[in-house]
Structures are given as structure tokens and as C-alpha cells.
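# Working through the structure, step by step
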Amino acid sequence: MAAPFLLEQQVAIAAVRRACSLTTTVFNKLVVGETLVKGDKSPVTVADFAAQAVINTVLSHAFPDDPIVGEEDAADLRTATPESDALRARVVELADDVLAQLPREHAGERAEWGLGRRWGSDALLGAIDRGCHVGGRAGRMWTLDPIDGTKGFLRGGQYAVCLALLVDARVELGIIGCPNLPADTDTDATTDDKGALFVAVRGHGAHQLPLEPSTQQQQQQQHRLLHMPRLALHDLSFLESVEKAHAALDTNARVAARLGVRAAPVRMDSQAKYAALARGGGGVYLRLPVAHGYQEKIWDHAPGSLLVEEAGGVISDYRGRPLDFGLGRTLGENFGVVAARKEVHAEVIAAVGAVLAEEAVEKEGEESVVRAMMNP
Ligand SMILES: Nc1ncnc2c1ncn2[C@@H]1O[C@H](COP(=O)(O)O)[C@@H](O)[C@H]1OP(=O)(O)O
Ligand SMILES: [Mg+2]
Ligand SMILES: [Mg+2]
Ligand SMILES: [Mg+2]
């Protein structure tokens, strides 16, 4: 694989692989009481906390000066209640079980990254809280979503372990682990060969590797360089969210109709959508905002955006503006996401604009009817 950020690649790959083995174990054994509802009403499980503990422990040992912008924090694990005690004990056990595995030398892992030993509660809660950095425009920082698509994870669908390295607000390296994505194709969900790792390095391509660190030879054989194929507009299909609360799916349908898209949309949770897009699925990822005021988070798009760019795509918000990863923990005034191959991106943006204008006129019409009824 490509030379820039080689050590960062090795460390990030090791961290994401270990976190993926943890989430897979948890899914098979998740019990009632191991999921919390956060202040924003979204779920978080022991696996989200433990995966963040694992990845931040590895990053903190390999790159002690690098800040981390991570989704989770340990506040809910630190309160002195029986529920919190049980949750904390489970998170610590899960994270330590994975960190304690000996470094796998054929996969380039090293003991000095915090591997091969148990860390205990204080160190692991501290590691989770290393993710509280505020973000910003200057310098090096990592951004982490330990489980992206927690709702998908809980229902046994797609989810992703997502990590990116930003330098001066530009994504230089993106790693996405997808334990439930078929290794060979994103269309045959019945295959048993599940799990894929995606690595993008700016200027050096988008790559798919095996999720499990098999022998070096197998890794080389299974390594794929990813390219998005050229597709005519009517041959596209949209990749979109499963959750109606996350994206305006009815509007997507109107955009598809306007572009002459014939195929039904492919609904998938998490940044697995970016991975599917980069390896040729669908052709367009469309995420149009719903609730006024929801600000997209940088960890939800940083690695996926680089993966798509390096596979020949363009990514912007729904108005065509580039995503700005330098504003802090959120994407600020970037609303929605449109990712597509270069040749069709501008046409998709134009269709989105036209459909949103139509919807605004319809809404204004409905509101004026209501006003007229209330003030005859
Ligand atoms: N109200 C919301 N609107 C948009 N995205 C949201 C909202 N709440 C959570 N998310 C995040 O959207 C992403 C899932 O998107 P999708 O529906 O396309 O799979 C996740 O990162 C999820 O967070 P989380 O990482 O906690 O799962
Ligand atoms: Mg969440
Ligand atoms: Mg997320
Ligand atoms: Mg998450």
C-alpha cells in the first residue's frame, strides 16, 4: 500500500480490526440493559463505548500528542449507580479482552501500541474521554465513530467502525471496518463471507482489504483497488439511509424520478454506504436533511468522503459546497450529502435543487390555503 502516513495506516488498521472483532462478539451476546438512550434520543451500547476505548488506547500509545474527536464520552459510565457499575464492568471486560490479545506480527501490530496487556477501568475510561477534543482547523487530529449506525448494529444490519486522520481540516487517511458487509459484493446479502476493511489514503487510492488479518500473502491476494464505474443517469440507483428520521427519503424518490433513475433505492445504515459506493454499488449516495438544525458530525463523513474521492467520486453538501471538517465537531452549515461519480455529480445537485424548489412552492401553496381557511 501507499507510502504517506504508513505508520498511521498500520496503527489505524490494527485498531479498527480489533474494534470490529469486539463489536461482532457483542452482537452475538448483547443482553437487555447493555444499551442506553443518549440525550439526543439515539442509542449507545456497551460495544460503542468499548470500541472507542480500544481504538483510543491504541492511538494514544502510538501517537500520544494527537487529539481525538470521538463520538462517545464516559460520563454515563462514571456515575455511581448499580446500572452504571454493571455497564462499566462490561465495557472494561470487553475492551481489555481485545487489547490483551498478543500483537499479530504478520499484520504489522506492535506491543508498544498498548496491545498484549489489560488496562483496567481508570485507563480505559480515560481513553474513552480522550475523544472529547473540540476539533478545529489547525494541526493533526483523528476523528472516530466507534459504531456508526448503532441502529443498524442493533437490528443486525449494516454498521461501520470509522476512523480518519485530519491534517489542517483535510482528511488524509480514512479507515472503515464493515463487519456485516459481504466481502465480494454489496448486492448478495446471503453470502456467508461477511466483513471488509476499507482504507483510503489521499492521492494514493481507495483499497479494500480483508477484515481479518490473515497471512500476509492472503492479504495481498485479497487486496482490491476500488474504482467507481461510469454509469449513465438512468442506470444509477440511490444509496440512502434506512432511517426516515435521518434523511428525507420521499424527496430522494422525487430526485430519482426527475433524473430518470429506474432502479429502486438501496437502503443501508451507516458509512457502509460510502464503502458500497466506492466499490461500484449504486452510483449515488443522497442524504437530504430532514429536521431543521441537525448538524452532521465530522466522524460520520470524514473517512467515507475520502474513500469516495479516491475511488473517482465527488462529495459535497446538497447545495454543492465542499464539506468543511475544520469547524469543530460538526459540519456546521454543510447540510446533507451528495456523493457520486464526477460525471453525474453536478446533474444530481441540479436535480436536488429543482425538486427542493418544487417542494417549497407546494408547501407555500398548502400554507396559503391554511391561512385563507383560518382568516376567511
Ligand atoms: N437525527 C439525525 N439525523 C441525521 N443523522 C443522525 C441523526 N441521529 C443520528 N444520526 C447519525 O446518522 C448516522 C446514521 O445514518 P444512516 O441513517 O444513514 O445510517 C449515524 O452516524 C447516526 O449516528 P450513530 O453513529 O450514533 O449511529
Ligand atoms: Mg451514536
Ligand atoms: Mg455515526
Ligand atoms: Mg456512532
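Residues numbered from 1 in each chain as written. Chains lettered and ligands numbered in written order. Predicted model: local features only at pLDDT ≥ 70, side-chain atom pairs only at ≥ 80, totals over all residues. Heavy atoms only, no water.

## Considering the sheet that holds strand 6 (residues 170-182)
The strand order 3-4-5-6-7-8-9 describes an open sheet built from seven strands, whose pairing is mixed. In this open sheet, the two strands that pair with only one neighbour each are strand 3 (68-70) and strand 9 (224-225). Pairing analysis gives two bridges linking strand 8 (residues 206-209) to strand 9, with the strands arranged antiparallel. When the bridges of strand 9 are listed, Q208 appears paired with R224. Against the sheet, helix 2 (residues 46-62) contacts strand 3, strand 4 (140-148) and strand 5 (160-167), and its axis sits at roughly 155° relative to strand 4. Docked against the sheet, helix 10 (residues 302-310) engages strand 4, strand 5, strand 6, strand 7 (194-201) and strand 8, running at close to 95° with respect to strand 6. (Pairing = 2+ DSSP bridges. Helix = DSSP H or I, 4+ residues; strand = E, 2+ residues; numbered from the N terminus. Contact = heavy atoms within 4.5 Å. Axes fitted to C-alpha atoms, helices over the stretch in contact; angles between N-to-C directions.)

## What about the layout of surface pockets?
Space inside the largest pocket adds up to approximately 770 Å³. Lining the largest pocket are 35 residues, with S42, H246, R287, Y294 and D300 sitting closest to its centre. Those elements giving two or more residues to the lining of the largest pocket turn out to be strand 4, helix 6 (150-154) and strand 12 (283-287). Residues belonging to the lining of the largest pocket are distributed by class as follows: ten nonpolar, ten polar and 15 charged. (1 Å grid on protein atoms, 1.4 Å probe; cavity = no way out; pocket = protein on both sides within 12 Å on 5 of 7 lines; lining within 4 Å. Points joined across faces, edges and corners; volume = space filled by probe spheres on them. Nonpolar A, V, L, I, M, F, W, Y, C, P; charged D, E, K, R; others polar.)

## Things to note about the nonpolar core
I55, W142, L163 and I175 are the most contacted members of the largest nonpolar core, which totals 53 residues. Every element with two or more residues in this core is listed here: helix 1 (6-29), helix 2, helix 4 (82-99), helix 5 (120-129), strand 4, strand 5, strand 6 and strand 7. In terms of nonpolar packing, the next biggest core, distinct from the first, is built from 38 residues, A164, A200, A311 and F325 among them. (Core = buried A, V, L, I, M, F, W, Y, C linked by side-chain atoms within 4.5 Å. Buried < 20%, exposed > 50% of the residue type's maximum accessible area, 1.4 Å probe, protein only.)

All quantities given are derived from atomic positions and should not be read as evidence of function.
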